[in-house]
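Now for the letters of each chain:
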Amino acid sequence: MSDTISAPLPLRSVRVTDPFWSREMDLIRTAVIPYQWDALNDRIPGAAPSWWAHNMRAAARAIAVKKVGGGYAPVQQNCGFVISPEEGKPPMEDGFYGFVFQDSDGYKWLEAVAYQLMVKPDAALQKQAQEAVDLIRAAQEEDGYLNTYYSLTGRDRAFTNLKDHHELYCFGHLTEAAVAWKQATGKDDLLDVARRFGRCIFKRFGPDGERGCPGHEIAEMALYRLYEETGETEWKELAQRFLDVRGTDPSTFALEENRRLKKEGKKELPVTAERYRYYQAHKPVRDMDEAVGHAVRQMYLASGMADEARLTGNEAMRAACERLWRSTVHEKMYVTGGVGGTHVGEAFSRPYDLPSDTAYSETCAAIGLAFFARRMLQLRPKAEYADVMERALYNTVLSGMALDGKSFFYVNPLEVDPAACETDERLSHVKPVRQKWFGCACCPPNIARIVSSLGQYIATQSEDALYIHLYIGSEIKATLNGREITLKLDADLRKGSARLTVLSGEGSGTLAFRVPAWADNTRVSVSGAQATACADGYWLVSGHWQAGDSVEMAFDISVQAVAASPLVRETMHQVCYTWGPWVYCAEEADNGKNLHLLRACPEKKAEAQFRDMEIDGLTVPALTVPGKRVTVPDSAPLYAPWHQPETEETKITLIPYFAWNNRGKGEMRVWLEAE
Ligand code: FUB
Ligand code: ZN
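As a convention, each chain's residues are numbered from 1 in the sequence order in which they are written. Written order decides the labels, with chains lettered from A and ligands numbered from 1. Side-chain atom pairs in this predicted model are given and counted only at pLDDT of 80 or more, local residue features only at pLDDT of at least 70, and totals for whole chains, interfaces and linings cover all residues. Remark: hydrogens and water are excluded; side-chain values derive from all non-hydrogen atoms of the structure.

1. A look at the overall build of the protein
Here comes step 1: Helix and strand labels come from DSSP, where a helix needs a run of H or I of at least four residues and a strand needs a run of E of at least two; each type is numbered from the N terminus. Within the protein one finds 18 helices and 24 strands.
Here comes step 2: Based on C-alpha atoms, the radius of gyration is set beside the globule rule, defined as 2.2 Å times the residue count to the power 0.38. Radius of gyration (C-alpha) of the protein: 25 Å, near the 26 Å computed for a compact globule of 675 residues.
Here comes step 3: With the C-alpha coordinates aligned to their principal axes, the bounding extent of the protein is approximately 75 × 70 × 50 Å.
Here comes step 4: With an accessible surface of roughly 25,800 Å², the protein has 49% of that area assigned to carbon and sulfur atoms.
Here comes step 5: In this count, Lys and Arg are taken as positive residues and Asp and Glu as negative ones, while His and the chain termini are left out. Note on charges: their place is set at NZ of Lys, CZ of Arg, CG of Asp or CD of Glu. Seen as two clouds, the 77 positive and the 91 negative side-chain charges of the protein have centres 3 Å apart. Residue exposure ignores everything except the shown protein chains as possible cover, and the areas themselves are Shrake-Rupley values with a 1.4 Å probe.

Here it is, written out as structure tokens:
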């Protein structure tokens, strides 16, 4: 195994003190988690029902009286199969409602709660979460099987549609929650539920079982996590089996489809894997070279592959991860760290196809990218991975949630005209305002769990080194060559400085500082130790560290005017502004309507001025940049002989992208026409 491998610190070892991110984490604890518990229990007036608690209770009741397995005909929708109560009738007590993967929403919520409990114990919250755990335990069948959809609609059909029916996806989320719950409370109750379900899956699809793999990935990374938590090798074997079966002939997805077709007396399909590109099951994972298909699935798969590469040192897997990374980040990622260029199938589009207004850029996909990036960092600390992780976290992940934590974006476009979204079918996936909840509510609890576990993204450690990836103020308990040392990380981006101070303990080893892509002229100063710049974009400072020692990094940080590759047709001759990790956007609230008439002057970026702006109680660093506005004559004809448009000087106000749409409905643009 290579010595570049590092691991995130246990969440209890990182106390986030940074005012911006502490606010986000507190918001999750005080507003989002209670709100989402109400949502899971269908107690939010006017919000789409979740059905989570309903389904769990119904399954628990059915299992208690051994009456499992009714029969419903699911209706296919955009992202799965959804069942709603019959028009005009109340829900049936023993009915399953919602999407087939509805169970996962509550698991994600529990995982977020567990992280919060590690950061700040809270007896009342733990009690509420225990209720959820008990409910889940009650919904588990005797043989360990756990999926309310099949328990309520026909257990005999369990595991017959791995491609679309998300049982293994729900298992993955259950497992993630169970490990977090164990770490937070020391309790095995949920972990045992996950293990029992895991054994049931292992028996069926493990190395000696049927070939099969998840249609929606996540079980892979969850299984590696379960293996790392328990040391039980069967979980690693099951994850490997899923990775090895994926994309090989005969395609397990085709085989299961054929079994259904045969029953219906229909013509069977060819069993070649190549048809399953959308599911990343078109070729063996070690041969993959392009990010394709459903964006969240692709990011989760890549994360599991990176775990496998780390835990086994498998070079072919690492190389495949690198190729997927390059395809994602160098050809298919929005400047905001979002991925998924097309709403058709919530998917990756072709290279450089990154439309701003029809973008999908699902919040979960940006979260998946952050997962992937952190795992690539664990394989090898390389600044590019952290740059991208930061881009996703500070922009698309946060834009998924309103500043009050009570409404959410699923889709994160880079350009919005509310009038167009509300009238144009092609934009029907783009909501001009955040929603209270969604029938398919994958994103809100995903935001809750990633923000609550932020401490795992700030730094990673190896035996003899601590790598600082994100400049987020925090107190960190690390171990250097077996000795515990507590450090304080302070960062002030406006001043261009970061400092790591040893608070207590002592130890010898390397303190490594990422050189962010947005910083110029970084300097590191430290008394009595040598700093060596390293090729992968980290300053490495080695020495013996004890209380009072500190390392300082200074850097120049300025507003950047960014252009996309000329191969991105959509943004040709457009510019966007960034400052540090933030991507900026123009909103109607500051700039009036018709943002397409604005002309930015990128060569004057040095004239950009900051001002503090209060948006819904949060002070954000707004920017004013010089620009022009095309003037529209009173009675402009639709067509006229070409002439240079008339413009007038203007100041364009920009705010950080994550904070957009917190002042009512209005236009928004990240990319502006360049003068
Ligand atoms: O299918 C489960 C989740 O719902 C996916 O990750 C999202 O993209 C949405 O389809
Ligand atoms: Zn989502």
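2. A short note on the coordination of the zinc ion (ligand 2)
Here comes step 1: Only E362 (OE), C364 (SG), C442 (SG) and C443 (SG) from the protein coordinate the zinc ion (ligand 2), and they sit 2.0 to 2.4 Å from it.
Here comes step 2: Around the zinc ion (ligand 2) sit four donor atoms; with metal-centred angles ranging over 94 to 117 degrees, the donor geometry is tetrahedral.
Here comes step 3: Note that water is not among the atoms considered, so a metal site may appear incomplete; the donors listed are N, O and S atoms within 2.8 Å of the metal, with 3.2 Å applied to Na, K and Ca. Each donor residue of the zinc ion (ligand 2) lies on one chain, and together they are spaced E-x1-C-x77-C-C. Of this pair, E362 sits in the loop between helix 12 (315-331) and helix 13 (363-379) while C442 sits in the loop between helix 15 (418-423) and helix 16 (443-452), and the two are 80 residues apart along the sequence. The burial state of E362 is the same as that of C442; both residues are buried. A four-donor site is classed as tetrahedral when every donor-metal-donor angle falls between 85 and 135 degrees; four donors are called square planar, and six octahedral, when trans pairs exceed 155 degrees and all remaining angles lie between 65 and 115, with any other arrangement labelled irregular. For each residue, the accessible area found with a 1.4 Å probe, counting protein chains only, is set against the maximum for its type, and the residue is called buried under 20%, exposed over 50%, and partly exposed in between.

3. Description of helix 14 (residues 383-399)
Here comes step 1: Look at helix 14: 24 Å from first C-alpha to last across 17 residues, which is about the 24 Å you get at 1.5 Å a residue.
Here comes step 2: Each residue is assigned a bend, namely the angle between axes fitted to the seven residues that terminate at it and the seven residues that start at it. For helix 14, the principal kink sits at L393 and spans about 35 degrees.
Here comes step 3: Counting buried positions along helix 14 yields 15 of 17 residues, so the element is predominantly enclosed. An expected span of 1.5 Å times one less than the residue number is assigned to each helix.

4. Re the packing of aromatic side chains
Ring pairs (aromatic) are described by centroid distance and by the angle formed between their planes.
Here comes step 1: Ring geometry is summarised as follows: Phe, Tyr and Trp rings, the Trp one being its six-membered ring, pair when their centres sit within 6.5 Å, and such pairs are stacked at plane angles under 30 degrees, edge-to-face over 60 and tilted between the two. Evaluated as defined, the whole model comprises 32 aromatic pairs.
Here comes step 2: For the ring pair W51 and Y97, a centre distance of 4.8 Å and an interplane angle of 40 degrees mean the geometry is tilted. Of this pair, W51 sits in the loop between helix 1 (19-40) and helix 2 (52-64) while Y97 sits in the loop between strand 4 (80-83) and strand 5 (98-99), and the two are 46 residues apart along the sequence.
Here comes step 3: Taking the relative accessible area as the measure of exposure, W51 reaches 12% and is therefore buried.
Here comes step 4: On the basis of relative accessible area, Y97 is assigned to the buried category, the value being 3%.
Here comes step 5: Centre to centre, the rings of Y300 and F371 are 5.8 Å apart; their planes meet at 35 degrees, and the pair counts as tilted. Within this pair, whereas Y300 is found in helix 11 (residues 295-312), its partner F371 is found in helix 13, the two being separated by 71 residues in sequence.

5. Observations concerning the nonpolar core
Here comes step 1: What makes a nonpolar core is a set of buried Ala, Val, Leu, Ile, Met, Phe, Trp, Tyr and Cys residues whose side-chain atoms join them at distances within 4.5 Å. Ranked by internal contacts, the top residues of the largest apolar core, which has 235 residues, are L110, I136, F159, L190, L393, F513 and V670.
Here comes step 2: Where each domain starts and ends follows an automatic or database-derived domain assignment. Lining this core are residues from two domains, each supplying at least three of them: domain 1 (456-557) and domain 2 (560-674).
Here comes step 3: Contacts are assigned to residue pairs with any non-hydrogen atoms lying within 4.5 Å of each other. Apart from the residues within four sequence positions on either side, I136 is in contact with W52, M56, Y107, L110, L146, L174, L190 and V193.

6. Notes on the site of ligand 1
Here comes step 1: Around ligand 1 there are 12 residues in total, and H166, H216, H294, E346 and E362 lie nearest to it.
Here comes step 2: In the analysis that follows, any N or O atom pair within 3.5 Å is treated as a polar contact, provided that within protein one partner can donate a hydrogen and the other can accept it, and provided that, for residues neighboring in sequence, both atoms belong to side chains. H216 places a polar side-chain atom, nitrogen or oxygen, 2.7 Å from an oxygen atom of ligand 1.
Here comes step 3: Side-chain polar atom of E362 to an oxygen atom of ligand 1: 2.7 Å apart, as the coordinates give it.
Here comes step 4: Alone, ligand 1 offers 270 Å² of accessible surface; in the complex the protein occludes 99% of this.
Here comes step 5: Of the residues contributing to the shell around ligand 1, the split by class is seven nonpolar, three polar and two charged. A cutoff of 4 Å decides nearness: a residue is near a molecule or strand if any of its heavy atoms lies inside that distance of it. Residue polarity is assigned by list, with Asp, Glu, Lys and Arg as charged and Ala, Val, Leu, Ile, Met, Phe, Trp, Tyr, Cys and Pro as nonpolar; anything else, Gly included, falls into the polar class.

7. Some words on helix 16
Here comes step 1: With respect to burial, helix 16 is a largely interior element, 10 of its 10 residues being buried.
Here comes step 2: Of all the positions in helix 16, only C443, P444, P445, N446, I447, A448, R449, I450, V451 and S452 are classed as buried.

8. Overview of the side chain of T486
Here comes step 1: Within the secondary structure layout, T486 lies in strand 10 (residues 483-492).
Here comes step 2: Among all residues touching T486, those that are not within four sequence positions of it are I476, K477, T501, V502, L503 and S504.

9. Looking at the domain arrangement of the protein
Here comes step 1: By domain assignment, the protein separates into domain 1 (456-557) and domain 2 (560-674).
Here comes step 2: The gap between the C-alpha centroids of domain 1 and domain 2 is 36 Å.
Here comes step 3: Contacts between the two partners involve five residues from domain 1, matched on the other side by six residues from domain 2.
Here comes step 4: The quantity reported as buried area is the accessible area (1.4 Å probe) lost by two parts once they are put together, taken as the sum for both. Roughly 560 Å² of surface becomes buried between domain 1 and domain 2 when both sides are summed, with 63% attributable to carbon and sulfur atoms.
Here comes step 5: It is R494, W518 and I557 that lose the most area in domain 1 upon contact with domain 2, and together they represent 80% of the buried surface on that side.
Here comes step 6: Whenever Lys or Arg places a side-chain nitrogen within 4 Å of a carboxyl oxygen from Asp or Glu, that contact is recorded as a salt bridge. At the surface where domain 1 touches domain 2, the tally comes to one salt bridge.
Here comes step 7: Among the salt bridges present, the one from R494 reaches D612, with a minimum N-O distance of 2.9 Å.

10. Brief notes about the pairing of strand 18 (residues 582-587)
Successive residues of a regular strand alternate their side chains across the two faces of the sheet.
Here comes step 1: Summarising burial for strand 18: six of the six residues are buried, a large majority.
Here comes step 2: Going residue by residue along strand 18, you find W582, Y584 and A586 tucked away on one face and V583, C585 and E587 tucked away on the opposite face as well.
Here comes step 3: Direction of pairing for strand 17 (residues 574-579) relative to strand 18: antiparallel, over a ladder of two bridges. From the neighbouring strand, T578 faces strand 18, where its bridge partner is V583.
Here comes step 4: Between strand 17 and the antiparallel strand that follows it, strand 18, lie two residues; G580 among them carries a positive phi value of about 55 degrees. The rule for pairing is simple: two strands pair if DSSP sees at least two bridges between them.

11. Let's talk about the packing of helix 1 against helix 4 (residues 123-138)
Here comes step 1: Axis lines are fitted through C-alpha atoms, for helices just across the contact stretch, and the angle between N-to-C directions can take any value from 0 to 180 degrees. Between helix 1 and helix 4, the least distance of the axes is 12 Å, while the angle of their chain directions is 25 degrees. Taken as axis vectors, helix 1 and helix 4 run roughly parallel relative to one another. Relative to helix 4, helix 1 is oriented so that their crossing is left-handed. Residue-level contacts link R29, I33 and W37 of helix 1 to L125, Q128, E131 and A132 of helix 4.
Here comes step 2: Among the residues forming the contact of helix 1 with helix 4, the class breakdown is four nonpolar, one polar and two charged. Working rule for angles: under 35 degrees goes down as roughly parallel, over 145 as roughly antiparallel, 65 to 115 as roughly perpendicular, anything else as oblique. Take the far helix as your reference; a near helix turned counterclockwise from it by less than a right angle gives a left-handed crossing, and one turned clockwise gives a right-handed crossing.

12. So, the packing of helix 6 (residues 167-185) against helix 8 (residues 219-230)
Here comes step 1: Where helix 6 contacts helix 8, the two axes come as close as 8 Å, and the packing angle between them is 30 degrees. Here helix 6 lies roughly parallel to helix 8, going by the angle between them. In terms of crossing hand, the pair formed by helix 6 and helix 8 is left-handed. Seen from helix 6, the contacting residues are L168, F171, G172, T175, E176, V179, A180, K182 and Q183; seen from helix 8, they are A219, M221, A222, L223, R225, L226 and E229.

13. Overview of the confidence of the model for the protein
Here comes step 1: Per-residue pLDDT for the protein has a mean of 95; in total, 98% of the residues score no lower than 70.
Here comes step 2: The pLDDT score gives, residue by residue, the confidence of the prediction method on a 0 to 100 scale. Taken as a whole, residues 73-79 scores under 50 in pLDDT and shows 16 contacts with residues more than four places along the chain or in a different chain.

14. Description of the side chain of N147
Here comes step 1: Positionally, N147 belongs in the loop between helix 4 and helix 5 (148-153).
Here comes step 2: In terms of polar contacts, N147 uses its side chain to reach the backbone amide nitrogen of Y149, at 3.2 Å.
Here comes step 3: Those residues within four positions of N147 in sequence are excluded, and the remaining contacts are D103, E167 and C170.

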